[in-house]
Amino acid sequence: MRSMVEGAPTKEKRMASTTVAEAPPRPPLAKRLQESRGFLSFGFMLPAALLLLVFLTYPLGLGVWLGFTDARIGRPGIFIGLENYEYLWDDSVFWLSVFNTLLYTVSASILKFMLGLWLALLLNENLPLKSFFRAVVLLPWVVPTVLSAIAFWWIYDSQFSIISWALIEMGIIDHRINFLGDPTNARASVIAANVWRGIPFVAITLLAGLQTIPQSLYEAATLDGASRWQLFRYVTLPLLTPIIAITMTFSVLFTFTDFQLIYVLTRGGPVNATHLMATLSFQRGISGGLLGEGAAIAVAMIPFLLAAILFSYFGLQRRKWQQGGGD
Amino acid sequence: MASVGIREVRKSFGSTEILHGVSIDIVDGEFVTLVGPSGCGKSTLLRMIAGLEGVTSGQISIGERVVNNVAPKERDIAMVFQNYALYPHMTVAENMAFSLKLKNAAKAETEARVQRAAEILGLVPLLSRYPRQLSGGQRQRVAMGRAIVRDPQVFLFDEPLSNLDAKLRVAMRAEIKELHQRLKTTTVYVTHDQIEAMTMADKIVVMHDGIVEQIGRPLDLYDRPDNLFVASFIGSPAMNFLHGEIGSDGGPAFHGKGGVSVPLNGAAGAGGGTPVVLGARPEHLKLSDDGFPVEIVVVEPTGSEIQIIGRTPGGEEIVANFRERHAFEPGQTVKLTVEPNLIHLFNGETGKRL
């Protein structure tokens, strides 16, 4: 319309328009910021970043800082360098808790993995009432830890334990089992409780992984002559590895930092046999009031956790067959 | 290699019967396609031959052996799946060698057989790749390679080309056919695409709603369809159908809706007044002054031929193909006729060929 009214542009006009195109006037700062992708994405990330800073970075930083001070409850404390760590280095209870934590984490994780995988495979079959069983399996995970820990406390009670009672009634044993009073029994008992609680997470996550494996692969392998064990060995297991890696990394982290179960069941006893690093840190830092030393114990957990994460990141990251061209 | 016999086979899922007594004889070395619309039971039948589905009643035999209760891996068959079903965590070579590995075959023999199959299919440069790194056509070839390595009695293909684009599909079609001519292994091939069925098969089995409509060689099915379903299913564009009855006033003739009249051969004039359906293939329609009138709706030039879609005075749709380059215009009325010996007549009630 416009060119029809004005007619063809003159030579001057065309020249003028080329100069304008070469050096457009800078739009105002506010407008430029509004259109800048970098600035916008920064703006959108700000709320999340703020949350992380306030609720994650600050407490973590404070914990690390406290580990270098002699703070007690009610006293700010001053910087004492590595003194807390030097003290812990010579503290046999601390080393016992490290041993306990590793034992607890390794044995509970292995059991959780094996039982969880077994359960996942069972639930993946065409059972009657399939969804009912899947829901039931989640129960231990849904119940608050403290509640289930109290239930276990009763199950493990030296006087009223249902296990002792049942075994005596069946005539298998003749005296009550001292579940939480004997160091070995206590360790086994807390591990069993942790396994009971952790299986649903492993089982349901692995079940989700199992369901991503196409049925036709099993059919193809069946026609190729695979037995049921070979189907598991050559199809299920390799295709499930990525999910197993992620699931077990999380499971190990949860187990390593476990606190509630031990605190309710044994408080670290008997004679520190079930003290984990987390419970020892709480006992020294909050109950004992030695904030600095408690913080140092908590900080000492970080290298182990980092090692677990790095192991899963480098050792179990995406396999070669998962990489490369899309579908 | 072996023959495959399917006798009165029925299949039910729960109370729903989806195969109602199917009998097919497949000769040793034959290439048979099972073709039909979705849900006709063709894939189920194939999976029953493979042993992935049980047989409700009837009998399936491979060679001399009845295999109803034989486990899939004992049947000595190989199957190519629609989604290829390649093991994603194995290389091409490992995928192809998997069945031999399970049999604990000697390493040298395994390698030789994989190499031979890879050479046949042009997969040698891809042997160390993973399935994800392959294109659709290459994956398809690996799936076939996996079957070839087994050297089975029977190849089963379950719509193997339906995930490929049109151009690749035509190329793979020829490749599978060539492979069969080379290996001469009995093949059962399931497809819903009648062109695939026509071009590849020695023998076509047309299935519909769990029954076999017709079994025959591709051109026999095209030239002499047994019933309306086969007539409409085989051939593209599909056969034209005009509904009407046979009259015998002044020589046998077909009288359709809207005054359409087509002269018939003497023999076809059985029983005047019975309702019939007249079928005529699009390429058999010719321009003729004494034909029935058709008003052109759409003209579609394809280059090699001109296709018109039009309507008879009775409102029935007619598709006609011409090799000659006529100058048709939409809205124009042309007169079309069919040679009496190229006309297909079907019973208007039962749909059976007359």
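Residues numbered from 1 in each chain as written. Chains lettered and ligands numbered in written order. Predicted model: local features only at pLDDT ≥ 70, side-chain atom pairs only at ≥ 80, totals over all residues. Heavy atoms only, no water.

Now for the nonpolar core. L45 and L156 of chain B are the most contacted members of the largest nonpolar core, which has 76 residues in total. Element by element, the count of residues in this core is highest for helix α11 (residues 183-211) of chain A, at eleven residues. Apart from the residues within four sequence positions on either side, L156 of chain B is in contact with L46, I49, A50, I77, A78, M79, V80 and V188 of chain B. (Core = buried A, V, L, I, M, F, W, Y, C linked by side-chain atoms within 4.5 Å. Buried < 20%, exposed > 50% of the residue type's maximum accessible area, 1.4 Å probe, protein only. Helix = DSSP H or I, 4+ residues; strand = E, 2+ residues; numbered from the N terminus. Contact = heavy atoms within 4.5 Å.)

Here we take up the packing of aromatic side chains. Taken as a whole, this structure holds 27 aromatic pairs over all chains when the rule is applied. Seen in terms of ring centroids, F250 of chain A and F254 of chain A are 6.2 Å apart; in terms of plane orientation they differ by 50°. Their pairing is tilted. Taken together, the positions of F250 of chain A and F254 of chain A, both in helix α13 (residues 228-256) and four residues apart, correspond to about one turn of that helix. Residue classification places F250 of chain A among the partly exposed residues on the basis of a relative accessible area of 43%. On the basis of relative accessible area, F254 of chain A is assigned to the partly exposed category, the value being 42%. Among the aromatic side chains, those forming a connected cluster through ring pairs are W65, F68, F79 and Y85 of chain A. One residue, R267 of chain A, lies across the ring of Y263 of chain A, its end atom 4.3 Å from the ring centre. Here the guanidinium or amino end of R146 of chain B rests over the ring plane of Y87 of chain B, the centre of that ring lying 4.8 Å away. (Phe/Tyr/Trp six-rings, centres within 6.5 Å; stacked < 30°, edge-to-face > 60°. Lys NZ or Arg CZ within 6 Å of the ring centre and 35° of its normal.)

The next point concerns the domain arrangement of chain B. Residues and elements named next belong to chain B. Parsing chain B into structural domains produces domain 1 (4-233) and domain 2 (240-347). The distance between the C-alpha centroids of domain 1 and domain 2 comes to 39 Å. Domain 1 puts nine residues into the contact, and the matching count from domain 2 is six residues. Buried area between domain 1 and domain 2, both sides added, is near 640 Å², and the carbon and sulfur share of it is 64%. When the buried area of domain 1 at its contact with domain 2 is split by residue, Y222, L228 and A231 rank highest and sum to 71% of it. Summed over the shared surface of domain 1 and domain 2, the number is zero salt bridges. Where domain 1 touches domain 2, the interface holds two residue pairs in polar contact (both at pLDDT 80 or more). Looking at the side of domain 1 that touches domain 2, the elements with two or more residues in it are α7 (218-223) and α8 (228-233). (Domains from an automatic or database assignment. Buried area = accessible area lost by both parts, 1.4 Å probe. Salt bridge = Lys/Arg side-chain N within 4 Å of Asp/Glu carboxyl O. Polar contact = N/O pair within 3.5 Å; in protein donor to acceptor, adjacent residues only side chain to side chain.)

Once that is clear, we can look at a nonpolar patch on the surface. All names here are of chain A. Together, L127, L129, F132, F133, V136, L139, W141, V142, I246, F250 and F254 make up an exposed nonpolar region whose accessible area comes to about 1100 Å². Sorting the residues of the nonpolar patch by element identifies α7 (130-137), α8 (139-142) and α13 as the ones contributing at least two each. Turning to its location among the elements, V136 is positioned in helix α7. (Patch = residues over 30% accessible without salt bridge, like charges linked within 9 Å, V, L, I, M, F, W, Y side chains within 5 Å. Areas by Shrake-Rupley, 256 points an atom, 1.4 Å probe, with all protein chains shown as cover.)

Residues and elements named next belong to chain B. In space, the four strands of this open sheet follow the order β17-β16-β15-β18, with antiparallel pairing throughout. Bordering the open sheet on either side are β17 (317-322) and β18 (333-338), each of which pairs with just one other strand. Put simply, the sheet's adjacent strands are angled 50° from each other on average, direction ignored. With six bridges connecting them, strand β15 (residues 285-301) and strand β16 (residues 306-311) associate as antiparallel partners. Opposite V298, over in β16, you have I309 as the bridge partner. (Pairing = 2+ DSSP bridges. Axes fitted to C-alpha atoms, helices over the stretch in contact; angles between N-to-C directions.)

Turning to helix α12 (residues 215-223) of chain A, a few remarks are in order. When you tally the buried positions in α12 of chain A, you get seven out of nine residues, the bulk of the element. What α12 of chain A keeps buried is the set S216, L217, Y218, E219, A220, A221 and L223 of chain A. Looking at the buried positions of α12 of chain A, the neighbouring elements they touch are α13 of chain A together with α1 (42-50), β6 (77-80), α2 (92-102) and α4 (136-150) of chain B. Immediately beyond the C-terminal end of α12 of chain A, within one or two residues, lies G225 of chain A, with a positive phi of roughly 105°.

On to the pattern of salt bridges. Pairing is possible between side chains of opposite charge, provided their charged atoms come close. The full count for this structure, using the stated rule, is 16 salt bridges over all chains. D70 of chain A serves as the salt-bridge partner of R75 of chain A, at 3.2 Å between the closest nitrogen and oxygen. For E30 of chain B, the salt bridge identified is with K203 of chain B, shortest N-O distance 3.4 Å. Placement of the pair is E30 of chain B in the loop between β2 (16-26) and β3 (31-35) and K203 of chain B in strand β9 (residues 203-208), with a sequence separation of 173 residues.

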